[in-house]
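# Examination of the molecular architecture
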Amino acid sequence: MKKFVSLIILMLFLSMLAACGNSESAGGKNNDSGGSDVIKIGAIYSASGGGAPLGKSQMETVKMLVEQVNENDGIDGKKIELIAYDDKSDQNEAVLSMKKLIEQDKVLAVVGGTLSGNALAMVPLAEKSKTPFIASATSKQIVKPDDNSSRDWIFKTTQSDDVVIPKILAYLKEKNLTKIAWLNVANQYGTSAHEEFNRLKGEYGIEAVIEEEFEATVDDAKAMLTRVKKSNPQAIIVWGTAQESSVITKNLHQLGMKLPIIESQGIGTKEFIELTGEAAEGVIFPAGRLIVAEQLPDNDPQKETLIKYKEDFKAKFNYDANTFGGHTWDAFYLLVNAIEKAGTDKEKIREQLEDTKNFVGISGIFNFSKDNHTGLDESSLVMVQIKDGKFVIAE
């Protein structure tokens, strides 16, 4: 009997050791976020599923950056322990991952939220737990909800709809394109932009001659686009991400609709060009400067940072960096910058983020404030055109 009890105790001890070593994180020991050995940072991105064309590069970017920082002695001598989850482009998975990061993994802060709907679903948990969360999704609702509910702990690194839509409307006005067909994907990303378009179009003398929605899973939209053709627009706005926007753009080409096509920053990846083929030729969209970095003048304050990120990413993963990974670069280094100045007190990190000024990032030059948790304006965007299968600054 004594031998049997001793065996059971030994087995329990070995099980406990195995559990302690079975962390899903990387880069340090499994301590609390403010522990003496490591700084624990959480990440949630859509590395698989429908959002993968955006989220894959985001996940790879954050892992690369953690590795680089740790190779240079971490933050004030502390290594970063990254605990990263793939939400599989599913809101429920995003919420469960956020809950786990906060309650079980006890991270200091979280970066992530590839898709607007997923990021919005994660926000209440971050607010309730008072955990800094820097999102990489577009909807302005993430930091500025219509109901004015609290967003003290939420920041984001993408240009909001209220920055992107005015850029497009100003372009349309400059080109004297006033009768517009508006088409958006039927999710939070599309509907949020649609609301902003309707709110602002009158200020620019723009009229929507037709407004339509399409599903993110669309595989043929010719019936809808036939109605669009009959409305006789001067230009068409397609608001979606690479996969679904590619289908719409190819269908427009197949129907012989040779009109200016303006799309969202969600198509700013080589995958869109590959999926769309010759139909991508001439498409115009707003974007940060990363995808046209080499075309910038040498005195551009972002150019050196942009080129280094592109070179580092290409060397490690053997494909081109994109705007979406750039949003993660911004989120990660904004957080690192705040921790370096504020230490590992969450409230002080939040305050430091809010006080960040003139931070040169990939998406633009960030200037946060109490009333502005995005920190970017229209100057962070350029209009880009697809020519001969490449991104060029639009004339």
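Located above this text is the structure these notes cover.
Computed from a prediction, not measured in an experiment: that's the story for all the values here. (Residues numbered from 1 in each chain as written. Predicted model: local features only at pLDDT ≥ 70, side-chain atom pairs only at ≥ 80, totals over all residues. Heavy atoms only, no water.)

### A few points about the overall build of the protein chain
The condition that has to hold: In this description a helix means any DSSP run of H or I spanning at least four residues, a strand means any run of E spanning at least two, and both kinds are numbered starting from the N terminus. C-alpha atoms define the radius of gyration, and 2.2 Å times the number of residues to the power 0.38 defines the globule rule. With a 1.4 Å probe rolled over the protein chains alone, any residue whose accessible area is under 20% of its type maximum counts as buried; one over 50% counts as exposed, and the rest are partly exposed. With residues, only the protein chains shown are counted as cover, and all accessible areas are computed by Shrake-Rupley using a 1.4 Å probe.
In terms of helices and strands, the protein chain carries 12 helices and 15 strands. Taking 395 residues into account, the globule formula puts the C-alpha radius of gyration at 21 Å, and the protein chain, at 23 Å, falls close to it. Viewed in the frame of its principal axes, the protein chain has a C-alpha envelope of about 85 × 50 × 45 Å. Classification of the 395 residues of the protein chain by burial places 54% in the buried group. Here the protein chain displays about 17,400 Å² of accessible surface, and carbon together with sulfur accounts for 49% of that area.

### A word on the side chain of T61
Quick reminder of the rule: Working rule for contacts: check all heavy atoms of both residues, and any pair within 4.5 Å makes them a contact.
Its location among the elements puts T61 in helix α2 (residues 52-71). Ignoring any residue separated from it by four or fewer positions in sequence, one finds T61 in contact with Y309, F313, G325, T328 and W329.

### A few points about the nonpolar core
For clarity, the threshold we go by: We define the nonpolar core as a collection of buried residues of types Ala, Val, Leu, Ile, Met, Phe, Trp, Tyr and Cys that are connected through side-chain atoms lying within 4.5 Å of one another.
Ranked by size, the top nonpolar core spans 55 residues in total, and within it L172, L183, I237, W239 and I248 carry the most contacts. Here the element with the most residues in this core is helix α5 (residues 161-174); it accounts for seven residues. If sequence neighbours within four positions are ignored, L183 has contacts with E212, F214, M224, L225, V228, I236, I237, V238, W239 and I248.

### Remarks on the pairing of strand β14 (residues 382-387)
Heads up, the rule is: A pair of strands counts as paired when DSSP detects no fewer than two bridges linking them.
Most of β14 sits inside the fold, with five of its six residues counted as buried. In terms of strand pairing, β14 meets strand β15 (residues 390-393) through four bridges, oriented antiparallel. The residue bridging V384 from the neighbouring strand is I393, located in β15. Linkage of β14 to β15, two consecutive antiparallel strands, is achieved through a turn of two residues, within which D388 is found at a positive phi near 55°.

### Focus on the packing of helix α11 (residues 323-342) against helix α12 (residues 346-354)
Stated precisely, the cut-off is as follows: Inter-axis angles, ranging from 0 to 180 degrees, are taken between N-to-C directions of lines fitted to C-alpha atoms, where helices are fitted over the stretch in contact. In what follows, roughly perpendicular refers to angles from 65 to 115 degrees, roughly parallel to angles under 35, roughly antiparallel to angles over 145, and oblique to any angle outside these ranges. Crossing handedness is defined as follows: a turn of the near helix away from the far one that is anticlockwise and smaller than a right angle gives a left-handed crossing, while the clockwise case is right-handed. Under the grouping applied here, Gly and all other residues not named as nonpolar or charged are polar, the nonpolar ones being Ala, Val, Leu, Ile, Met, Phe, Trp, Tyr, Cys and Pro and the charged ones Asp, Glu, Lys and Arg.
Close contact between α11 and α12 brings their axes to 9 Å; oriented N to C, the two are set at 120°. When the interaxial angle is binned, α11 and α12 end up oblique. Classified by chirality, the crossing of α12 by α11 is right-handed. Residues L334, L335, A338, I339, K341 and A342 of α11 lie in contact with α12, whose contacting residues are K348, I349, Q352 and L353. Per-class residue counts for the contact of α11 with α12 are seven nonpolar, one polar and two charged.

### Description of the pairing of strand β3 (residues 79-86)
A regular strand carries its side chains on alternate faces of the sheet. For the record, the criterion: By convention a crossover is right-handed if, when the strands point away from the viewer, the path from the first strand over the helix to the second runs clockwise.
As paired strands, strand β2 (residues 38-45) and β3 are joined by eight bridges and run parallel to one another. Note on β3: the bridge partner recorded for A43 is A84. Each parallel crossover has a hand, and for β2 linked through α2 to β3 it is right-handed.

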